[in-house]
Amino acid sequence: MNNFLTDQQMASLVEAIQTAEDHSTGEIRIHIDSNTEGNNAEIAFEIFKRLCKDQTAARNAVLFHVNFEQHYLTIIGDEGIHEKVHQNFWDRMHDRITAEFSKGNFHDGLKNAVLETGLELKKHFPVSGENPNELPNEITFS
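Residues numbered from 1 in each chain as written. Predicted model: local features only at pLDDT ≥ 70, side-chain atom pairs only at ≥ 80, totals over all residues. Heavy atoms only, no water.

(A) Quick peek at the sheet that holds strand β1 (residues 27-32). Taken in spatial order, the 4 strands make up an open sheet running β3-β2-β1-β4, and their pairing is mixed. Taken across any chain shown, the strands that pair with only one partner, and hence form the sheet edges, are β3 (72-77) and β4 (140-141). As paired strands, strand β2 (residues 61-67) and β3 are joined by 6 bridges and run antiparallel to one another. By the bridge assignment for β3, F64 is matched with I75. (Pairing = 2+ DSSP bridges. Helix = DSSP H or I, 4+ residues; strand = E, 2+ residues; numbered from the N terminus.)

Here it is, written out as structure tokens:
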């Protein structure tokens, strides 16, 4: 299913998602795509619509869509994210992740991005009261 991350590394990424979401109402998902042969951007948005779009109260879900085989990464945030977090944050994030990927640091690139995203979400979507987990933390695959 995935030759780029070990089971232990995938478990570590799920833990990073949980940590990143602890102090924010934002939600983070990772989807690893091994099947896309068409337009990666369109596929990523379809996955985002299925897994994230309109599924959080504050519209503050983020999807990291990765296709390792095709060297493709996109980061998509819901409407609430775009109202608060500027595009240059995501552009810098994308550059850092792809730089790590180019060195073969797939796990570290994603983990650091998830944790940094959590810090950014905390600034704009801090927890006040209960913090239900609105989306699953598991990595999804296609």
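Here the narrative resumes, following the displayed structure.
(B) Spatial organisation of the packing of aromatic side chains. In the structure shown here, the tally under the stated rule is 7 aromatic pairs. A centroid spacing of 4.8 Å and a plane angle of 25 degrees characterise the contact between F4 and F68, whose relative ring orientation is stacked. Of the two residues, F4 is situated in the segment before α1 (7-21) and F68 in the loop between β2 and β3; the sequence distance between them amounts to 64 residues. Residue classification places F68 among the buried positions, given a relative accessible area of 4%. Between F101 and F106, the ring centres sit 5.4 Å apart and the planes meet at 50 degrees, which makes this aromatic pair tilted. By the ring-pair criterion, three or more aromatic residues cluster together here, those being F4, F68, F101 and F106. (Phe/Tyr/Trp six-rings, centres within 6.5 Å; stacked < 30°, edge-to-face > 60°. Buried < 20%, exposed > 50% of the residue type's maximum accessible area, 1.4 Å probe, protein only.)

(C) Focus on the pattern of salt bridges. Throughout the structure, instances matching the rule amount to 7 salt bridges. With its nearest N and O atoms 2.4 Å apart, the salt bridge here joins R96 to E116. Pair noted here: R96 is in helix α4 (residues 87-102) and E116 is in helix α5 (residues 106-124), with a separation of 20 residues, a long-range link. The exposure class assigned to R96 is partly exposed, which follows from its relative accessible area of 36%. On the accessibility criterion, E116 (28% relative accessible area) is partly exposed. The salt bridge involving K123 is made with E120; its shortest N-O contact spans 3.1 Å. Of this pair, K123 and E120 both sit in helix α5, 3 residues apart, which is roughly one turn of that helix. What you see here is one network of salt bridges that share partners, running through D54, R59, D78 and E79. (Salt bridge = Lys/Arg side-chain N within 4 Å of Asp/Glu carboxyl O.)

(D) A look at α1. For α1, with 15 residues, the first-to-last C-alpha span of 21 Å sits near the 21 Å given by 1.5 Å per residue. All buried positions along α1 are accounted for by M10, S12, L13, V14, A16, I17, A20 and E21. (Expected span 1.5 Å × (residues − 1).)

(E) The packing of α4 against α5, seen in detail. In contact at an axis separation of 7 Å, α4 and α5 are set at 160 degrees when each is read in the N-to-C sense. Considering their axes alone, α4 and α5 lie roughly antiparallel with respect to each other. Every pair of crossing elements has a handedness; the one defined by α4 and α5 is right-handed. Mapping the contact onto sequence places F89, W90, M93, R96, I97, E100 and F101 in α4 and F106, G109, L110, A113, E116, T117 and E120 in α5. Tallied by class, residues from the contact of α4 with α5 come to 8 nonpolar, 2 polar and 4 charged. (Axes fitted to C-alpha atoms, helices over the stretch in contact; angles between N-to-C directions. Parallel < 35°, antiparallel > 145°, perpendicular 65-115°, else oblique. Left-handed = near helix turned anticlockwise from the far one by under 90°. Contact = heavy atoms within 4.5 Å. Nonpolar A, V, L, I, M, F, W, Y, C, P; charged D, E, K, R; others polar.)

Nothing here speaks to function; it is all geometry.
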